[in-house]
Amino acid sequence: MGNERLGAAKRSKNDEFFTQYVDIEKEINSYLEYNPDVFRGKTVLLPCDDPEWSNFTKYFAQNFETFGLKKLMSTSYAPNSKPKEISYQPTLFELNSVEFDAEKDVSNGKIFVLEEDRTGNGVVNVEDLEWSYLEGDGDFRSEEIKALRDQADVIVTNPPFSLFREFLRWIVEADKEFLIIGNMNALTYKEVFPLLKSNKVWLGNNYKVNGGAMFYEIPESIANMDQVREVRTDEKGKKVFITRVQGVRWFTNLDHGRRHKPLSLMTMADNMKFGRVVQNGYDKYDNFDAIEVPRVEAIPSDYKGVMGVPVSFFDKYSPDQFEILGNTEGFEETPPTKTYSKKQRVVNGVRAKSNTGTMSGVIRREDFGEGTFFDVGYPVQAVYKRIFIRHRELTE
């Protein structure tokens, strides 16, 4: 149900999903455990944020001294530039500020900066945030926000899912460290997969923490009560609607311990003898030179050739253990060994009038059984998107 809400948000360009403080804390702890100085002496930029409501701003501001940050910058998008269904009203923080300008408050973005103890209490924290209006609306593609990007060492945020590809490119072109949230579907995007393959980008640790889901705070104006898991009231008396969205991941180039933990696997023979997934043996693709491994747990520890594994493999991928070669979606380094000039879709043994349907990786079958097949002169059955991998230690 959460994915439906996320899909609707993507279609309407409505990306007003606020990440929970506890999820941010759990994820950041993974990097601190691996390297306690990961943020020390660095400038952190939180673009695509809403500093007045954002838990990203609160979290990094409250931990400014603990992390040893040099500077924290957080920017927001102007209310008038957001979808109309997103309601807006200034916070008391803004209304009580000498900086408040009613016209700019809806037409301009804002920037919050933290770098010194402004209150004089001997501690640098959220109370020392200083804010002002941006010249523009806060769009990350603007020259104004690009200039802030270039000042930063690390970029952390939950960007608009509808602009994920463009946002990731925006970061990578500046060669910055980053930690951002995106949908799992992005793993096989043509703009993203090569970065994963070359170990320039990898997944964070939230699969282990939340089973691959994320709990989001969403505004009341777009909350669908059928999909809301919980309704809370914050310290300001504002209602907070919590929804769970499956298939969400942190994408990063910050190292963490889970990346270097190898999978514990059985041999091919033991998988077929004791496992629950491939008791009848491993299928071979009809159109790729690789075996099909339907579940990550069934990866054989002693197979030297190429294996096709589910996209969920990335959650447990260790670059020390495996090499990523390509995927079934046409990546140039793993081309199909054959193509089919003609095909006919067969559903539950009945030939369909329409021949539409994906045929990325297919397995030859003896006959047309239950489910969706294709007749290419003989029965084949398509699998979901697959990533092609190979053991490093068995090939080096």
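Shown above is the structure to which this text applies.
Residues numbered from 1 in each chain as written. Predicted model: local features only at pLDDT ≥ 70, side-chain atom pairs only at ≥ 80, totals over all residues. Heavy atoms only, no water.

This part takes up the pattern of salt bridges. Taken as a whole, this structure holds 19 salt bridges when the rule is applied. The salt bridge partner of Asp150 is Arg149, with a shortest N-O separation of 3.1 Å. Look at Arg149 and you get buried, because its relative accessible area is 7%. A salt bridge links Asp375 to Arg351, with the nearest nitrogen and oxygen atoms 2.8 Å apart. Of this pair, Asp375 sits in strand E19 (residues 372-375) while Arg351 sits in strand E17 (residues 350-351), placing them 24 residues apart in sequence. One network of salt bridges, with partners in common, ties together Asp139, Arg141 and Glu166. (Salt bridge = Lys/Arg side-chain N within 4 Å of Asp/Glu carboxyl O. Buried < 20%, exposed > 50% of the residue type's maximum accessible area, 1.4 Å probe, protein only. Helix = DSSP H or I, 4+ residues; strand = E, 2+ residues; numbered from the N terminus.)

With 14 residues, helix H2 (residues 21-34) ought to run about 20 Å at 1.5 Å a step, and its terminal C-alpha atoms sit 21 Å apart, in line with that. Turning to H2, its buried residues are Asp23, Ile24, Glu27, Ile28, Ser30, Tyr31 and Leu32. (Expected span 1.5 Å × (residues − 1).)

On to the nonpolar core. With 47 residues, the main nonpolar core has Phe251, Ile299, Phe314 and Phe322 as its most contacted residues. The set of elements that each furnish at least two residues to this core consists of strand E4 (110-114), helix H7 (143-151), helix H8 (164-172), strand E7 (177-183), helix H9 (193-197), strand E14 (307-310), strand E15 (322-327) and strand E21 (386-391). Residues in contact with Ile299, not counting those within four places in the same chain, are Leu263, Leu265, Met266, Asn271, Val293, Met307, Val309, Phe313, Phe322, Ile389 and His391. (Core = buried A, V, L, I, M, F, W, Y, C linked by side-chain atoms within 4.5 Å. Contact = heavy atoms within 4.5 Å.)

A separate point is the pairing of strand E12 (residues 248-252). Across the 5 residues of E12, 5 count as buried, placing the element largely inside the fold. Burial along E12 is two-sided: Val248, Trp250 and Thr252 and Arg249 and Phe251, pointing in opposite directions, are all buried. As paired strands, E7 and E12 are joined by 5 bridges and run antiparallel to one another. Counterpart to Leu179 in the pairing with E12 is Thr252. Pairing of strand E8 (residues 202-203) with E12 involves 2 bridges; the strand directions are antiparallel. Note on E12: the bridge partner recorded for Trp202 is Thr252. (Pairing = 2+ DSSP bridges.)

Bringing the sheet that holds E21 into the picture now. On the basis of which strands lie adjacent, the open sheet formed by 4 strands has the order E13-E14-E21-E15 and mixed pairing. Looking at the sheet topology across the chains shown, the edges are occupied by strand E13 (291-292) and E15.

On to the environment of Pro194, then. Following the sequence through the fold, Pro194 ends up in helix H9. With relative accessibility at 30%, the residue Pro194 sits in the partly exposed group.

Another aspect to go through is the packing of aromatic side chains. A full pass over the atoms with the stated rule returns 22 aromatic pairs. On the basis of an interplanar angle of 75° and a centroid distance of 5.4 Å, the ring pair of Tyr21 and Tyr59 is categorised as edge-to-face. Pair noted here: Tyr21 is in helix H2 and Tyr59 is in helix H3 (residues 55-62), with a separation of 38 residues, a long-range link. Taking the relative accessible area as the measure of exposure, Tyr21 reaches 25% and is therefore partly exposed. Since its relative accessible area comes to 2%, Tyr59 is described here as buried. Clustering of aromatic rings is evident, with ring pairs tying together Tyr21, Phe39, Tyr59, Phe60 and Phe67. Sitting over the ring of Tyr189, Arg165 keeps its end group 3.6 Å from the ring centre. One Lys or Arg, Arg364, reaches over the ring of Tyr378 and ends 3.7 Å from the middle of that ring. (Phe/Tyr/Trp six-rings, centres within 6.5 Å; stacked < 30°, edge-to-face > 60°. Lys NZ or Arg CZ within 6 Å of the ring centre and 35° of its normal.)

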